[in-house]
Amino acid sequence: MYRVGLTGAVASGKSTVGRQLAELGATVVDADLLAREVMRPGSSACARILAVFGDGVFAAAGAIDRAALRRIVLRDGEARARLEEIVHPAVGELRARRLKRASSSGERIVIEDIPLLFEAGLESDFDTIVVVDAPRRLREARARAARDWTARHFAAVEASQLQASEKRRRADRLLCNSGDMAQLESAVRDLWKEISAAARERRSAPPPVRAPARACVENG
């Protein structure tokens, strides 16, 4: 089974790339969706979060208010570490089960969408790593428009992650999402062809494509 790690800078369009790859036939394991599953109402992780953070991070019907929880951990590194101690092992177990199921089903390629792939030290898990990026000013504009973030919130989230320039440096394949949707769809189709060829040939990675990087480095 050929494993591809998909990650990227904040508001780069990584999740959109993941959805487009799924539409092209890829099996996609989304770490954010796994986190939502392990934190569902009634789960052991949900109960532990309540014990640590109190009912102020809960919305109606016992669901976790992810935005409220995010605000806490962005300003408090100790709180973030406590949350990670609760959530990361549970997500890791669920991820392993999904991968085992994919392998048992004979899946040839699995794309793992993991926002904090580098931060979690998971590079060695993959045959190749794809980083999605865009100029910082464009990513901030997207976050403010689509997620209703303030400039301060965007900056805080950006600061909590590995720098975009370092993610680009570590990438096997850089996909620059600085154009329109048609351009992104074309780039994703090309990416899927490269991944499929690499999986057939069992190369360690598709050849890095660095030409678009110039459009991704503006302002970080």
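Owing to the predicted nature of the structure, the values given are computational and were not obtained by experimental measurement. (Residues numbered from 1 in each chain as written. Predicted model: local features only at pLDDT ≥ 70, side-chain atom pairs only at ≥ 80, totals over all residues. Heavy atoms only, no water.)

1. Here's the deal with the confidence of the model for the protein chain
Atomic detail in the predicted coordinates should be set aside for any region of low pLDDT. Selection rule: Known as pLDDT, the predictor's confidence for each residue is given on a scale from 0 to 100. We call two residues contacting when some pair of their heavy atoms lies within 4.5 Å.
Residues of the protein chain with pLDDT of at least 70 account for 92%, and the chain-wide mean is 89. Segment residues 206-214 is flagged for pLDDT under 50; beyond a separation of four residues in sequence, or across chains, it makes 18 contacts in the model.

2. Overview of the packing of aromatic side chains
Where we set the bar: Any two rings among Phe, Tyr and Trp, with Trp reduced to its six-membered ring, count as a pair given centres within 6.5 Å; such a pair is stacked if its planes are under 30 degrees apart, edge-to-face if over 60, and tilted if neither. Charge over a ring is defined by NZ of Lys or CZ of Arg lying within 6 Å of the ring centre and within 35 degrees of the ring normal.
The final tally for this structure, using the stated rule, is 0 aromatic pairs. For Arg82, the ring lying beneath its charged end belongs to Phe53, and the centroid distance is 5.9 Å. Sitting over the face of the ring of Trp149, Arg147 holds its NZ or CZ atom 4.9 Å from the ring centroid.

3. Some words on the sheet that holds strand β2 (residues 27-30)
Going by this rule: In this description, strands pair whenever DSSP reports at least two bridges between them. Put simply, DSSP H or I for four residues or longer makes a helix, DSSP E for two residues or longer makes a strand, and each gets a number counted from the N terminus. Helix axes are fitted only over the stretch in contact, all axes being lines through C-alpha atoms; the angle between N-to-C directions runs from 0 to 180 degrees.
An order of β2-β3-β1-β4-β5 is seen for the 5 strands of this open sheet, with the pairing classed as parallel. Of all strands in the sheet, those bounded by a partner on one side alone are β2 and β5 (173-176). For this sheet, the mean inter-axis angle between neighbouring strands, taken without regard to orientation, is 25°. Of the strand pairs in this sheet, β2 and strand β3 (residues 109-113) are connected by 4 bridges, and their pairing is parallel. From the neighbouring strand, Thr27 faces β3, where its bridge partner is Val110. Set on the sheet, helix α1 (residues 14-23) makes contact with β1 (2-8), β2, β3, β4 (128-133) and β5; between it and β1 the angle comes to about 150°. Relative to the sheet, helix α5 (residues 77-104) contacts β1, β2 and β3, its axis offset from that of β3 by approximately 165°.

4. Comments concerning the pairing of β4
For clarity, the threshold we go by: The classification of residues rests on relative accessible area computed with a 1.4 Å probe and restricted to protein chains. Under 20% of the type maximum is buried, over 50% is exposed, and intermediate values are partly exposed.
Burial of β4 is extensive: 6 of the 6 residues sit out of reach of the surface. Relative to β4, β1 runs parallel, the two sharing 5 bridges. Considered in β4, the bridge of Gly5 is made with Ile129. As paired strands, β4 and β5 are joined by 4 bridges and run parallel to one another. Bridging across to β5, Val130 finds its partner in Arg173.

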